[in-house]
Amino acid sequence: MSKVTETVEKIAWPIVQELGLEIVDVEYVKEGKNWYLRLYIDKENGVDIEECGMVSEKLSEKLDEIDPIPHNYYLEVSSPGAERPLKKQEDFEKAIGKNVHIKTYEPIDGEKIFEGILQEFDGTNVTIEVRVKTKRKVIQIPYNKIAQARLAVVF
């Protein structure tokens, strides 16, 4: 995590906590010639635009006061969407029983991309059930081998 995202997360934490929300992710990226600071927030039944607006307003005031970013940027506060990223161990625990999409740093059983039902997370391994043609297969993925993970919408 970059210094900017760590600093912003520390600044945003009391704001979102006061509103009964959680921080899912913080991104600080350059797209074209513009910088974007994105804060993704959520709660059990999802967030609405009013909550995003409240967080944006309060966070913007705090960022102006503390001024941790030396140049211009756009602040965006939003929901992570239906395919919410799984970043922290708590995210994996909450996702048990849900469909997930996982990419690994290195192949496991010859594959680096897995999609299936998250069955278990013990802090060290993620266990998912995937479909291979007409059969179901249970795969254990070491947590430290996961490059990216998110919830996956099934159509």
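For clarity, every value in this text was computed on a predicted model and none was experimentally measured.

Trainee: Quick one: what's the story with the nonpolar core, residue by residue and with numbers?
Mentor: Of all hydrophobic cores here, the largest spans 20 residues; its most connected members are Leu37, Leu39, Ile41, Val55 and Leu59. Contributing elements (two or more residues each) for this core: helix H1 (3–18), strand E1 (22–31), strand E2 (34–42) and helix H2 (49–66). Take this core: its biggest share by element is six residues, from H1. Apart from the residues lying within four places of it in its own chain, the contact partners of Leu37 are Val8, Val26, Glu27, Tyr28, Leu63, Ile69, Tyr73, Tyr74, Leu75 and Glu76. One finds Leu86, Ile102, Ile108 and Ile128 within the second-largest nonpolar core, a separate group that totals 17 residues.

Trainee: Can you tell me about H2, naming the residues and giving the values?
Mentor: In a regular helix each residue adds 1.5 Å, so 18 residues correspond to 26 Å; H2 covers 25 Å between its end C-alpha atoms and thus fits that length. Among all positions in H2, only Glu51, Cys52, Val55, Leu59 and Leu63 are buried. What you see down the axis of H2 is that its buried residues fit within an arc of 90°, all on one side. Looking at H2, the residues exposed on the side facing more than 90 degrees away from the buried face are Ile49, Glu50, Glu57, Glu61, Asp64 and Glu65. Where H2 is buried, its residues touch H1, E2 and strand E3 (74–78). By the N-cap criterion, in which a side-chain oxygen at the helix start approaches the backbone nitrogen of a residue two or three places on, H2 is capped by Asp48, the distance to Glu50 being 3.1 Å.

Trainee: Residues and numbers for unusual backbone geometry, please.
Mentor: Even without a glycine there, the phi angle at Asp67 is positive, about 55°. Structurally, Asp67 is set in the loop between H2 and E3. Looking at Asp67, the relative accessible area reads 54%, which means it is exposed.

Trainee: Tell me about the sheet that holds E1, and name the residues and values.
Mentor: An order of E1-E2-E3 is seen for the three strands of this open sheet, with the pairing classed as mixed. The open sheet has two edge strands with one neighbour each: E1 and E3. Strand-to-strand twist across the sheet, computed as the mean angle between neighbouring axes with direction ignored, equals 15°. Here E2 pairs with E3 via five bridges, running parallel. Its bridge partner being in E3, Arg38 is matched across the sheet by Glu76. Across the sheet, H1 is in contact with E1 and E2; its angle to E1 comes to roughly 145°. Relative to E3, H2 is tilted by about 145°, and along the sheet it contacts E2 and E3.

Trainee: Any details on the environment of Gly110? Residues and values, ideally.
Mentor: Within the element layout of this structure, Gly110 appears in the loop between strand E4 (99–108) and strand E5 (111–121). Residues Gly110 and Ile23, 87 residues apart in the sequence, show an inter-C-alpha distance of 34 Å.

Trainee: Pulling in residues and values, what's your account of the packing of H1 against H2?
Mentor: Remark: H1 packs on H2, axes separated minimally by 10 Å, with the N-to-C direction vectors making an angle of 145°. As for the relative orientation of H1 and H2, their crossing is right-handed in sense. In contact with Val8, Ile11, Ala12, Ile15, Val16 and Glu18 of H1, H2 contributes Val55, Lys58, Leu59, Lys62, Leu63 and Ile66. Looking at the contact of H1 with H2, its residues break down into nine nonpolar, no polar and three charged.

Trainee: If you had to explain the pattern of salt bridges to someone new, which residues and values would you point to?
Mentor: Under the definition given, this model contains 15 salt bridges. Note that Asp42 is salt-bridged to Arg84, the shortest N-O span being 3.0 Å. On the criterion of sequence distance, the pair formed by Asp42 in strand E2 and Arg84 in the loop between E3 and helix H3 (89–94) is long-range, its members being 42 residues apart. Of the two residues examined, Asp42 and Arg84, each falls in the buried class. Several salt bridges share partner residues, and in doing so they unite Glu22, Asp42, Arg84, Asp91 and Lys94 into one network.

Rules and cut-offs
- Residues numbered from 1 in each chain as written.
- Predicted model: local features only at pLDDT ≥ 70, side-chain atom pairs only at ≥ 80, totals over all residues.
- Heavy atoms only, no water.
- Core = buried A, V, L, I, M, F, W, Y, C linked by side-chain atoms within 4.5 Å.
- Buried < 20%, exposed > 50% of the residue type's maximum accessible area, 1.4 Å probe, protein only.
- Helix = DSSP H or I, 4+ residues; strand = E, 2+ residues; numbered from the N terminus.
- Contact = heavy atoms within 4.5 Å.
- Expected span 1.5 Å × (residues − 1).
- Arc of directions from axis to C-beta.
- Polar contact = N/O pair within 3.5 Å; in protein donor to acceptor, adjacent residues only side chain to side chain.
- Pairing = 2+ DSSP bridges.
- Axes fitted to C-alpha atoms, helices over the stretch in contact; angles between N-to-C directions.
- Left-handed = near helix turned anticlockwise from the far one by under 90°.
- Nonpolar A, V, L, I, M, F, W, Y, C, P; charged D, E, K, R; others polar.
- Salt bridge = Lys/Arg side-chain N within 4 Å of Asp/Glu carboxyl O.

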